[in-house]
Amino acid sequence: MSWIKNLRKKRPDDGHKQLLFFSLGELTNQNYAVVRTTWHDKGHVITVTETRIHLYDNDMRNEMRDIIKSALMAGADVSLICVETPEELGLKPA
């Protein structure tokens, strides 16, 4: 899967400014949060994944922080809507 390996390599010359977007809001169907990860290659969106999270516990918060951190470190954009504030999730500005 060389295309995944290529995506995970940060390339400072591709002109893409990385994004982390957070929105506080109510969600339907008892969802706790929705995390959308957007992958770019050479300035173009090539893949978008979306994960819905239903659980409301500390283990879930730790796992969600790890997912966000891993995606950002790999160079993806991350958009998140959640019923809790960033502070309640343990997210801090860089």
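What you are looking at is a predicted structure, and each value in this text was computed from that prediction instead of being measured.

1. Notes on the overall build of the protein chain
Then comes step 1: In terms of helices and strands, the protein chain carries 3 helices and 4 strands.
Then comes step 2: For the protein chain, the succession of helices and strands along the chain, N to C, is α-β-β-β-α-β-α.
Then comes step 3: Sequence separation of 24 or more characterises 69% of the internal contacts of the protein chain that already satisfy a separation of 6 or more.
Then comes step 4: Split by element, the accessible area of the protein chain, about 6800 Å² in all, is 53% carbon and sulfur.

2. A closer look at the sheet that holds strand 4 (residues 77–82)
Then comes step 1: Taking strand neighbours across the sheet as the criterion, the 4 strands line up as 1-4-2-3 in an open arrangement whose pairing is mixed. The open sheet terminates on both sides in strands that have one partner only, identified here as strand 1 (20–24) and strand 3 (44–53). If you compare each strand with its neighbour and ignore which way they point, the axes differ by 10 degrees on average.
Then comes step 2: When strand 2 (residues 33–41) meets strand 3, the two strands line up antiparallel, connected through 9 bridges. Bridge pairing links arginine 36 to glutamate 50 in strand 3.
Then comes step 3: Packing against the sheet, helix 2 (residues 58–73) makes contact with strand 1, strand 2, strand 3 and strand 4, and its axis sits at approximately 155 degrees to strand 4.

3. What to know about the confidence of the model for the protein chain
Then comes step 1: Per-residue confidence for the protein chain averages 81 on the pLDDT scale, and 81% of its residues sit at or above 70.
Then comes step 2: The least confident element of the protein chain is helix 1 (residues 2–8), whose mean pLDDT is 51; the most confident is strand 4, at 93.

4. So, a negative patch on the surface
Then comes step 1: Taken together, Asp57, Asp59, Glu63 and Asp66 make up a surface patch of like negative charges.
Then comes step 2: Summarising the element assignment, aspartate 59 is placed in helix 2.
Then comes step 3: Residue classification places aspartate 59 among the exposed residues on the basis of a relative accessible area of 60%.

5. Focus: unusual backbone geometry
Then comes step 1: Notably, asparagine 29 is not glycine yet its phi reads approximately 55 degrees, a positive angle.
Then comes step 2: For asparagine 29, the position within the fold is in the loop between strand 1 and strand 2.
Then comes step 3: For glutamine 30, which is not glycine, the phi dihedral falls at a positive 60 degrees.
Then comes step 4: Within the secondary structure, glutamine 30 sits in the loop between strand 1 and strand 2.

The rules we used
- Residues numbered from 1 in each chain as written.
- Predicted model: local features only at pLDDT ≥ 70, side-chain atom pairs only at ≥ 80, totals over all residues.
- Heavy atoms only, no water.
- Helix = DSSP H or I, 4+ residues; strand = E, 2+ residues; numbered from the N terminus.
- Contact = heavy atoms within 4.5 Å.
- Areas by Shrake-Rupley, 256 points an atom, 1.4 Å probe, with all protein chains shown as cover.
- Pairing = 2+ DSSP bridges.
- Axes fitted to C-alpha atoms, helices over the stretch in contact; angles between N-to-C directions.
- pLDDT = per-residue confidence, 0-100.
- Patch = residues over 30% accessible without salt bridge, like charges linked within 9 Å, V, L, I, M, F, W, Y side chains within 5 Å.
- Salt bridge = Lys/Arg side-chain N within 4 Å of Asp/Glu carboxyl O.
- Lys, Arg positive; Asp, Glu negative; His and termini not counted.
- Charge placed at Lys NZ, Arg CZ, Asp CG, Glu CD.
- Buried < 20%, exposed > 50% of the residue type's maximum accessible area, 1.4 Å probe, protein only.

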